[in-house]
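So the chains spell out like this:
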Amino acid sequence: MESQPQPQPQPRRPRGFAATAAAAAASVSPTGTPSGSAGASTASSGKGKREREKEKERTKLRERHRRAITSRMLAGLRQYGNFPLPARADMNDVLAALAREAGWTVEPDGTTYRHSPPPQHQQHLGAFPVRSGESPLTATSLKNCSVKATLDCQQPVVRIDDSLSPASLDSVVIAERDTRSEKYPSTSPINSVEGLEADQLIQDVHSTEHDNDFTGTQYVPVYVKLSTGFINNFCQLADPDGVRQELSHMNSLNVDGVIVDCWWGIVECWNPQKYVWSGYRELFNYIREFKMKIQVVMAFHEYGRTDSADVLISLPNWILEIGKENQDIFFTDREGRRTTEFLSWGIDKERVLNGRTGVEVYFDFMRSFRTEFDDLFAEGLISAVEIGLGPSGELRYPSFSERMEWRYPGIGEFQRAAKLRGHSFWARGPDNAGHYNSRPHETGFFCERGDYDSYYGRFFLHWYAQALMDHADNVLSLANLAFEETKIIVKIPAVYWWYKTSSHAAELTAGYYNPTNQDGYSPVFEVLKKHSVTVKFVCYGLQICSYENDEAFADPEGLSWQVLNSVWDRGLKVAGENTLSCYDKEGCLRIIETAKPRNDPDRRHFSFFVYQQPSPLVQGVICLPDLDYFIKCMHGDITGDLVP
């Protein structure tokens with residue numbers, strides 16, 4: 001049988017900045033002068049520069065939109081259609097998987113055909129319905145045809161289901177249009193490349209004139225985190241005038257409320273069950289004068305043991321004294337070093353803290369706070385309580401301790417709970433997982449096809465993650481008893497580095513069993529759903545994009561999509577919080593788009609946003625006009641560009 005002639009490869013249509021450059025080159029004559037008037041004025045030159053900048057912004061938005069659709073499609077195919085797509089799926093993988101699901105035969109060289117015609121009543125292909133007016137592909141149209149011929153003769157059959165939950169994977173987008181328009185543009189101006197670029201894509205991501213227009217969008221309350229240090233280690237208000245000035249600045253910006261850390265290491269510092277709340281009472285009275293809401297954080301972790309920290313807040317002194325005699329109350333790493341950042345949840349149910357268990361100590365502290373400030377709860381001044389469940393208040397292991405000389409982008413180390421009963425063998429952890437600052441490919445456990453996917457690796461990682469979820473379940477059960485009818489918040493870490501590798505090493509050491517072939521966040525959110533908590537997640541500005549091309553294989557945007565959509569799919573509320581380094585214009589706009597995405601048909605949005613700062617507003621580190629703009633955008637009552 002004669003081999004079928006293969007189609008000649010067509011040149012790829014330039015995308016993104018390449019398309020912009022090609023368009024600019026086409027508008028210049030061979031002599032180097034513009035095809036229009038030869039003498040452009042200085043004003044027109046400046047206008048051209050502004051247009052180029054706007055085009056760059058449009059290109060960024062188109063690319064972001066493209067990647068979001070890609071992630072959503074691939075995640076939906078895996079989750080709902082059980083498609084065995086590889087970790088780095090491309091267009092060929094997706095098309096082949098869809099064709100095989102519909103009963104077609106796809107040869108390794110791309111030849112696609114069907115042995116028998118499909119039923120005439122078939123109206124869908126896999127998980128994607130066929131649009132009205134389109135007919136299914138027939139056997140005669142595809143048998144012994146090449147892929148090019150297939151694309152030329154078929155009608156578009158793929159649609160995007162907006163309810164699908166995206167994971168984070170880089171690949172090619174298949175949008176709802178004729179697939180052949182990618183490489184075989186038609187003569188129709190509607191389906192042409194130029195028409196697609198100028199109209200459809202730009203409309204999808206909004207035109208430049210409306211990029212920064214958030215008027216009428218959902219109202220997202222903004223809370224500002226009060227700087228640590230206003231309450232000293234003797235639970236006294238250290239700077240009343242500074243607090244009043246700080247609150248005055250917040251009030252002038254129409255901030256909805258204040259976040260206050262209530263430190264276990266300060267309130268119950270010297271003796272067990274001897275709580276001193278005097279400084280917090282004075283602080284809350286000041287906040288009450290300004291009529292702002294309060295969210296309090298039950299801060300059970302250590303703060304400030306870094307070279308740059310101005311304030312040091314340790315765990316209670318009586319806890320540290322117990323730790324000198326029984327170091328097993330703390331986590332230990334592979335070399336046997338202990339960290340005092342947080343108590344090990346191996347003692348959650350062990351009576352080693354002067355006759356109390358770990359969860360009993362937390363419950364007594366929370367109950368004392370609820371009793372002491374009952375009047376503020378009755379007034380509605382305290383609107384929510386965040387429960388600290390690990391280092392930095394986040395639900396994770398202390399696997400990235402800077403005291404242990406961890407530096408980004410190290411994978412971190414597994415932490416051991418020394419006396420966790422019944423699992424002494426598994427609790428030791430793997431011996432080939434590297435150290436805090438290792439890279440995945442440098443270890444036998446996290447490398448491509450490493451031991452993380454072996455029988456032992458899967459068993460250990462499941463057990464390690466389950467211990468984290470059990471800790472959250474135990475503490476939140478008592479938190480709901482202490483704070484009845486009060487909103488409970490849990491902070492989830494954003495471990496975005498090594499996200500594009502197969503093992504997701506940094507997430508594994510933090511306690512999230514989330515390699516490419518496993519969803520590590522869904523089980524966590526199922527536990528949190530049981531307690532009806534609000535999930536708070538850290539949002540990153542555009543400056544993190546510089547990491548996407550480094551050796552850390554970082555993907556903060558992809559992680560955000562996975563986490564946020566997984567939470568929303570379970571009906572939980574989501575809140576956001578910025579990083580301390582995110583103050584640039586583009587970063588703020590990106591956070592706003594994440595907080596209330598305008599292209600989401602379900603109109604999902606954050607329930608509130610926490611703006612944290614490295615120092616008090618009165619010290620002038622933050623540009624107040626920009627912060628004012630950010631808050632107004634979150635409130636949905638501003639139009640225009642950022643204040644210069």
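For clarity, every value in this text was computed on a predicted model and none was experimentally measured.

(A) A look at the UniProt feature "active site" (unreviewed entry) in the chain. The positions UniProt marks with the feature "active site" (unreviewed entry) are E394 and E577. Of the residues just listed, which span 184 residues, no C-alpha pair is farther apart than 12.2 Å, and they cluster in one region. By secondary structure assignment, the location of E394 is in the loop between β10 (382–387) and α13 (424–427). Overall, E394 belongs to the buried group, its relative accessible area being 11%. Non-local contacts of E394, meaning those with residues more than four positions away in its chain, are made with L389, K491, P493 and V538. Position of E577 relative to the elements: it lies in strand β13 (residues 573–578). With near-sequence residues (within four places) excluded, E577 lies in contact with K491, K536, F537, V538, C539, F609, V610 and Q612.

(B) Quick peek at the pattern of salt bridges. Using the criterion set out here, one finds 25 salt bridges in the structure. With its nearest N and O atoms 3.1 Å apart, the salt bridge here joins R281 to D375. Of this pair, R281 sits in helix α9 (residues 278–289) while D375 is found in helix α12 (residues 374–379), placing the two residues 94 residues apart along the sequence. On the accessibility criterion, D375 (30% relative accessible area) is partly exposed. In this structure, E386 engages K536 in a salt bridge whose closest nitrogen and oxygen atoms are separated by 2.6 Å. Here E386 is found in strand β10, whereas its partner K536 is found in strand β12 (residues 534–539), with 150 residues between them in sequence. Across this residue pair, the class does not change: E386 and K536 are buried. Here the residues in one salt-bridge network are E268, R356, D364 and R367, joined through shared partners.

(C) A look at the side chain of E341. Here E341 shows up in strand β9 (residues 338–343). Put simply, E341 is tucked away with no salt bridge, and the nearest opposite charge, on R396, sits 5.1 Å away. A distance of 3.1 Å separates the side chain of E341 from the side chain of S401, its partner in a polar contact.

(D) A look at the sheet that holds strand β11 (residues 487–492). One closed barrel accounts for 8 strands, arranged β5-β6-β7-β10-β11-β12-β13-β14; its pairing is parallel. Looking at each pair of strands side by side, their axes are set apart by 30° on average, direction ignored. Sheet strands in contact with helix α17 (residues 556–569) are β12 and β13, and its direction is about 165° off that of β12.

(E) Representation of the state of the cysteines in the model. According to the stated counting rule, one finds 0 disulfides in the structure shown. For C235, which is in no disulfide, the shortest distance to another cysteine sulfur is to C262 and amounts to 8.4 Å. For C235, a relative accessible area of 1% puts it in the buried group.

(F) Region of interest: helix α10 (residues 317–325). Those residues of α10 not exposed but buried are W318, I319, I322 and G323. Each buried residue of α10 sits inside an arc of 150° when the element is viewed along its axis, so together they form one side. Contact partners of the buried residues in α10: α8 (264–267), β8 (330–332), β9 and α11 (358–372).

(G) Inspection of the pairing of strand β5 (residues 222–225) at higher detail. The side-chain alternation of β5 yields two buried faces, one formed by V222 and V224 and the other by Y223 and K225. Here 3 bridges tie β5 to strand β14 (residues 609–611), and the two strands are oriented parallel to one another. Following the sheet pairing, V222 is matched in β14 by F609. For β5 and strand β6 (residues 257–263), the ladder comprises 3 bridges, and the chain directions are parallel. Paired with K225 across the bridge in β6 is I259. Viewed along the sheet, the connection from β5 through helix α7 (residues 240–252) into β6 turns out right-handed.

(H) Inspection of the nonpolar core at higher detail. Grouped together as the largest cluster of nonpolar side chains are 146 residues, with contacts concentrated most on Y280, F284, M298, F369 and I387. Here this core takes 13 residues from helix α14 (residues 455–482), the largest share from any one element. In contact with F284, other than residues within four places in its own chain, are V260, C262, I294, V296, F369, F373, L376 and L381. Counting 7 residues, the second-largest nonpolar core is a separate cluster that includes L74, L77, V94 and A97.

(I) Region of interest: the packing of aromatic side chains. Considering all chains together, one arrives at 45 aromatic pairs under this definition. Ring centres of F284 and F369 lie 6.4 Å apart, and the angle between their planes is 90°; this geometry places the pair in the edge-to-face category. A residue pair is termed long-range when its members are at least 10 positions apart, and F284 in helix α9 and F369 in helix α11 qualify at 85 residues. Overall, F369 belongs to the buried group, its relative accessible area being 0%. Ring plane angle 25° and centroid distance 5.1 Å describe the contact between Y512 and Y521, whose orientation is recorded as stacked. Taken as a pair, Y512 and Y521 share a single burial class, namely buried. The ring of F377 carries R370 above its face, with NZ or CZ at 4.3 Å from the centroid.

(J) Spatial organisation of the environment of K530. Along the chain, the position of K530 falls in helix α16 (residues 522–530). At 2.9 Å, the side chain of K530 forms a polar contact with the side chain of D473.

Parameters and conventions
Residues numbered from 1 in each chain as written. Predicted model: local features only at pLDDT ≥ 70, side-chain atom pairs only at ≥ 80, totals over all residues. Heavy atoms only, no water. UniProt positions renumbered as here; feature names shortened; annotations may be inferred. Helix = DSSP H or I, 4+ residues; strand = E, 2+ residues; numbered from the N terminus. Buried < 20%, exposed > 50% of the residue type's maximum accessible area, 1.4 Å probe, protein only. Contact = heavy atoms within 4.5 Å. Salt bridge = Lys/Arg side-chain N within 4 Å of Asp/Glu carboxyl O. Lys, Arg positive; Asp, Glu negative; His and termini not counted. Polar contact = N/O pair within 3.5 Å; in protein donor to acceptor, adjacent residues only side chain to side chain. Pairing = 2+ DSSP bridges. Axes fitted to C-alpha atoms, helices over the stretch in contact; angles between N-to-C directions. Disulfide = S-S within 2.5 Å. Arc of directions from axis to C-beta. Right-handed = clockwise from strand over helix to strand, strands pointing away. Core = buried A, V, L, I, M, F, W, Y, C linked by side-chain atoms within 4.5 Å. Phe/Tyr/Trp six-rings, centres within 6.5 Å; stacked < 30°, edge-to-face > 60°. Lys NZ or Arg CZ within 6 Å of the ring centre and 35° of its normal.

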